[in-house]
Amino acid sequence: MSSSQVTVVPTSPPKTIRHTADFHPTIWGDQFLKDTSELKTIDPTTQEDYEQLKQEVKWMIMDTSQTNAQKLHLIDAIQRLGVDYHFPKEIDDALEKIYSDNIEYNDLYTVSIHFRLLRQQGIKIVCTDVFEKFKDDEGKFKASLINDVPGMLNLYEAAHFAIHGEDILDEALTFTTTHLKSMVSCASPHPAKQINHALNCPLRKGLPRLEARFFISVYSRDDLHNKTLLKFAKLDFNMLQAMYQKDLKDVLQWWNDVDFISKLPYARQRMVEEYFWALGIIFEPQYAFGIRSMAKLICLITLIDDTYDSYGTIEELTLFTEAVKKWDFGAADMLPDYMKLIYKTLFDFFGEMEECVVKKGEPCYINSPKFWMQRIVQGYFAEARWLNEGYIPTTFEEYISLAAETSAVELMTSVAFFGMDDIATKEDFDWISTNPKIINTTRLIGRLMNDIGSSKFEQKRGHIPSGVKCYMKQHGVSNEEAVEAIMEHVSNAWKDVNEEMLKPTAISRSLLERVLNYSRVIHILYKDDYDAFTDAYKLKDQVILLLKDPVPPHE
């Protein structure tokens, strides 16, 4: 062989590196896909009883013979049993009257309920005016209060409605949390159950349907419970659950028909948990279309998130991002086959939403959800570029400026508004784009709670550094110290949410509650430093309570 000859050795094309994750499969199998004929149905007699009970509860709220204290306790029970959505005007009128009467109460239990219910209704009652009387000469909460378990529990719940500058509520939260924890070991089983539940998830941060399921069992053990109200609450919970089961089946069937499970096996299969998430934001039966739309949206967001985080190459993700920016069905032609399926499903989903609203004759504001979908995809792409380039944010603030963009708050809010088309106006959709404080604050809660709960798992599969890691690096602190500092950010953010929910509000409280509910879902999914969405076993009991097991007659 002459020196000028070169031997060419055939080589294989370089192997594509994909950051796949080891997600466990769905834990539910096909148990939620059973025929709807097997699901519990409501017979006409039960429906008639239900309507009669509903009318009786309405009369109770409007009864003028009750004292204000009696009315407060009634409304508290109605709200905690989860049937208050039937009586928004009656409850609002009753609480406005109670506020205007300005009656002074002396027992901690009633004072705390009074404060919480008015704040919950958006009335800015002054906390020092009502709680100062429970302090001693040294300015501390009286030691004698610790013997009043109902009062302590309700003061604890009231303290979670604090806004900035309300030191007395901060003190109340520390005081009640400390003493409630010490009470658990010596309390009888029933009060201990209530204390543990409250410490694990205060009312302000709980999901209304889950809280209703819990309180039904609590209320039934109260010797003074109102039998009519309890019967109505049980019927209402089970009727809604039957509706949810049918809707969940439809969502699961939609997902299976597209066949994402076999065609895109890298993604999380969390359709049941995604429907649970949707119910956390919208649960009212009149918004069934909105619930289904929200559930499908969360399915698609999760799929796209996993594609950007753990499967797509930077070249593929560039193409997908451009296709979404164009929002043209023909843009799918430039995508790899697996992305064509995602893009087509995304395109069809928005088209179906638009068609449903147009058929109902309601104004259609589909451009708002589309815009926020495009924004979130661009945020995912920016994160993917950071990972691809090995870029590490230099500060916690730099990380948050991008990461908060991918929390999807604006997108989910716009789809929630779209699903509530009977009350949402163009001005409400425009409001989302004005950078309102409650949106920014909710984004922060979502991002930081997600980071704390899922950072360890995400680092195993290749991911940009979490907010925890960025904070540790910037401030030279341990993981525990970083988490503590970030949770302080979250606590302050909740105070902002509380303040934004007070009257007067920029948009209707019913719509604003969807933003509040987003933070509540995040709290349930990511509290206690774990990711109960990805590790669905940790959410199993809550899903069973909400979507599988009806309230038994004896409970």
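One can find the structure itself at the top, above this paragraph.
In this text the structure is predicted, and so the values were computed from the model without any measurement.

Enquirer: Would you mind showing me how to read the overall build of the chain here?
Expert: From N to C terminus, the chain includes 24 helices and zero strands. Seen through its C-alpha atoms, the chain measures out along the principal axes to roughly 110 × 60 × 45 Å. Burial status across the chain gives 55% buried among its 555 residues. Pairs at least 24 residues apart make up 74% of the contacts formed inside the chain by residues separated by at least 6 positions. Each charge sign in the chain was given a centre, from 61 positive and 83 negative side chains, and these centres are 2 Å apart.

Enquirer: Just checking my understanding: could you explain the packing of helix 1 (residues 44–62) against helix 10 (residues 227–258) for this structure?
Expert: Helix-helix packing: each pair is described by the crossing angle between the helix axes and the interaxial distance. Across the interface, helix 1 lies against helix 10 with an axial gap of 9 Å and an inter-helix angle of 130 degrees. The angle between helix 1 and helix 10 places the two elements in the oblique class. The handedness of the crossing between helix 1 and helix 10 is left-handed. Contacts from Thr-46, Gln-47, Tyr-50, Leu-53, Lys-54, Glu-56, Val-57 and Met-60 of helix 1 reach helix 10 at Thr-228, Leu-229, Lys-231, Phe-232, Leu-235, Asp-236 and Met-239. Split into classes, the residues belonging to the contact of helix 1 with helix 10 amount to eight nonpolar, three polar and four charged.

Enquirer: Any chance you could explain unusual backbone geometry here in plain terms?
Expert: Glycine aside, residues mostly have negative phi, and peptide bonds are mostly found in the trans state. With an omega of -5 degrees, the peptide bond running from Lys-503 to Pro-504 counts as cis. Backbone geometry at Trp-327 places phi at a positive 50 degrees, although glycine is not the residue there. Note that Trp-327 resides in the loop between helix 14 (314–326) and helix 15 (337–359). Using a relative accessible area of 15% as the deciding quantity, one classes Trp-327 as buried.

Enquirer: Please clarify how the packing of aromatic side chains should be interpreted in this entry.
Expert: In this description, a pair of aromatic rings is defined by centroid distance and the angle of the planes. In total, this model carries 28 aromatic pairs according to the counting rule given. Consider the rings of Tyr-308 and Tyr-380, whose centres lie 5.8 Å apart with planes at 40 degrees: the pair is tilted. A residue pair is termed long-range when its members are at least 10 positions apart, and Tyr-308 in helix 13 (residues 288–310) and Tyr-380 in helix 16 (residues 367–389) qualify at 72 residues. Just as Tyr-308 is buried, Tyr-380 falls in that class too. By the ring-pair criterion, three or more aromatic residues cluster together here, those being Tyr-308, Phe-320, Trp-327, Phe-329, Tyr-343, Phe-347, Phe-349, Phe-350 and Tyr-380.

Enquirer: Would you take a moment to explain the environment of Asn-154 for this structure?
Expert: By the secondary structure assignment, Asn-154 is in helix 6 (residues 149–159). Taking relative accessible area as the criterion, Asn-154 reaches 7% and is therefore assigned buried. Measuring from C-alpha to C-alpha, the distance between Asn-154 and Ile-113 comes to 6.3 Å, with 41 residues separating the pair along the chain. The contact partners of Asn-154, leaving out residues within four places of it in the chain, are Tyr-109, Ser-112, Ile-113 and Arg-116. Polar contacts involving the side chain of Asn-154 include one to the main-chain carbonyl oxygen of Pro-150, which spans 2.9 Å.

Here is what the cut-offs are and how they apply
- Residues numbered from 1 in each chain as written.
- Predicted model: local features only at pLDDT ≥ 70, side-chain atom pairs only at ≥ 80, totals over all residues.
- Heavy atoms only, no water.
- Helix = DSSP H or I, 4+ residues; strand = E, 2+ residues; numbered from the N terminus.
- Buried < 20%, exposed > 50% of the residue type's maximum accessible area, 1.4 Å probe, protein only.
- Contact = heavy atoms within 4.5 Å.
- Lys, Arg positive; Asp, Glu negative; His and termini not counted.
- Charge placed at Lys NZ, Arg CZ, Asp CG, Glu CD.
- Axes fitted to C-alpha atoms, helices over the stretch in contact; angles between N-to-C directions.
- Parallel < 35°, antiparallel > 145°, perpendicular 65-115°, else oblique.
- Left-handed = near helix turned anticlockwise from the far one by under 90°.
- Nonpolar A, V, L, I, M, F, W, Y, C, P; charged D, E, K, R; others polar.
- Phe/Tyr/Trp six-rings, centres within 6.5 Å; stacked < 30°, edge-to-face > 60°.
- Polar contact = N/O pair within 3.5 Å; in protein donor to acceptor, adjacent residues only side chain to side chain.

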